[in-house]
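# Breakdown of the fold
Spelled out from the first residue to the last, the chains are:
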Amino acid sequence: MLKNKSPHEKRFCNVTKKFLMALLTIFVAMIVMFVVIQSMPGDPVDIMATDIMKRQNVQYEIAYERAKSILNYDPEMPMTQRFFNYVKGIVTGNLGTSMTYQRSVASVVGGALPWTLLVVSLSLFLSFVVGVLLGIYIAWKRSKILNAVLIGYQSIFGAIPNYVLGYLLVFLFSVVLGVLPARGAYSTEVTPGFNGPFIRDVLTHACLPVLTYFLTTVAGWIISMKANSLSVLGEDYITYAQVRGLSNRRILTTYLSKNALLPLVTSLAVSFGLLFGGSPLIENLFFYPGVGYYLNKAIAARDYPLMQGMFFIIITMVVLSSFVAEFLYKYLNPRLRDA
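Report on the accompanying structure. (Residues numbered from 1 in each chain as written. Predicted model: local features only at pLDDT ≥ 70, side-chain atom pairs only at ≥ 80, totals over all residues. Heavy atoms only, no water.)

## Considering the overall build of the chain
Along its length, the chain carries 14 helices and zero strands. Along its sequence from the N terminus, the chain presents helices and strands in the succession α-α-α-α-α-α-α-α-α-α-α-α-α-α. The C-alpha extent of the chain, read off along each of the three principal axes, is 90 × 65 × 40 Å. Across the 339 residues in the chain, those meeting the buried criterion constitute 39%. (Helix = DSSP H or I, 4+ residues; strand = E, 2+ residues; numbered from the N terminus. Buried < 20%, exposed > 50% of the residue type's maximum accessible area, 1.4 Å probe, protein only.)

## Focus: unusual backbone geometry
Positive phi values are uncommon outside glycine, yet R142 reaches one of about 50°. With respect to the element layout, R142 can be found in the loop between α5 (105-141) and α6 (144-157). For F287, which is not glycine, the phi torsion reads 50° and is therefore positive. Within the secondary structure layout, F287 lies in the loop between α12 (279-285) and α13 (291-301).

## Focus on the environment of F327
As for its position among the elements, F327 is in helix α14 (residues 304-332). With 61 residues separating them along the chain, F327 and T266 place their C-alpha atoms 8.9 Å apart. Setting aside anything within four residues of it in sequence, one finds F327 in contact with N14, V15 and K18. (Contact = heavy atoms within 4.5 Å.)

## Focus on the environment of F34
Assignment of secondary structure puts F34 in helix α1 (residues 7-38). As a C-alpha pair, F34 and Q308 span 274 residues in sequence and 6.8 Å in three-dimensional space. Ignoring any residue separated from it by four or fewer positions in sequence, one finds F34 in contact with M79, R82, F83, Y86 and Q308.

## Observations regarding a nonpolar patch on the surface
Taken together, the side chains of M21, L24, F27, V28, I31, V32, V35, V36 and M79 define a hydrophobic patch exposed on the protein surface, amounting to about 750 Å² of accessible area. Sorting elements by how many residues they give to the nonpolar patch places α1 first, with eight residues. If you trace the backbone, V35 turns up in helix α1. By relative accessible area, V35 is classed as partly exposed at 39%. (Patch = residues over 30% accessible without salt bridge, like charges linked within 9 Å, V, L, I, M, F, W, Y side chains within 5 Å. Areas by Shrake-Rupley, 256 points an atom, 1.4 Å probe, with all protein chains shown as cover. Salt bridge = Lys/Arg side-chain N within 4 Å of Asp/Glu carboxyl O.)

Written out as structure tokens, the structure reads:
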């Protein structure tokens, strides 16, 4: 069928197939996520009912009904009906109401999403740029000392979990030196809005989370870019460019960097999704009010609607990042545009 179609029609069919596959992946992940959440031990209604019974000195049955009314959650409803209501809510844009915060899950997600995007985007951009530049430089110089330093750095920081490194950074920069704040997204002394003091304060509070991500990911980009650069340096067109007497700067920018950078494009988009999904530990450590922070709070309180909403956002970001990465790579590589 595809052989008789024009290149434009082929590309459209390929995009449609990939998009449908992404939607199917999200749907399957939603089913797994929903079953896992609903199967978690602990009943939020029972927990609240026990608290109401102690505080208001009423019978358990009365406290249980009051808790069901407050939380707007019926644990006796069949799981299939709950899943149907959940999917229906996603389709209609209604993710439910948070049991903990007593407001819509969409508003909680809307308030948390920008903070996670800020930290993840900054850290990924900095680690990628620094990693690419250092990777090219190390490959070009072929220095044994720089290679040894890189291997040592990766051995140390690659073995330390990012949340452990976060604790060390808090101790150093907040406790010992006292130069950077250890928690929150901004200070209470500044007025939120598009103004200089607030922006500076937000960036200051983001320093430690960004630095934690940066230190644990930059070595991977350096190693990948170095390996790609060494592979490109062995190509005939690099040797031909050197024989023609082209400057090192032109060889680096025109021939080496563009060809070595291309394979990292896919990794860049995928890494964005993975960093987004790995945010709970870091955000909880720094009390940073992003998606991961509220997800931790929801899990602790067995806030099912909020958990489902946060996991849905994380799943969507990871899948869409992979989806964008594939087509971005095809766009940048002319040989794959018609594939």
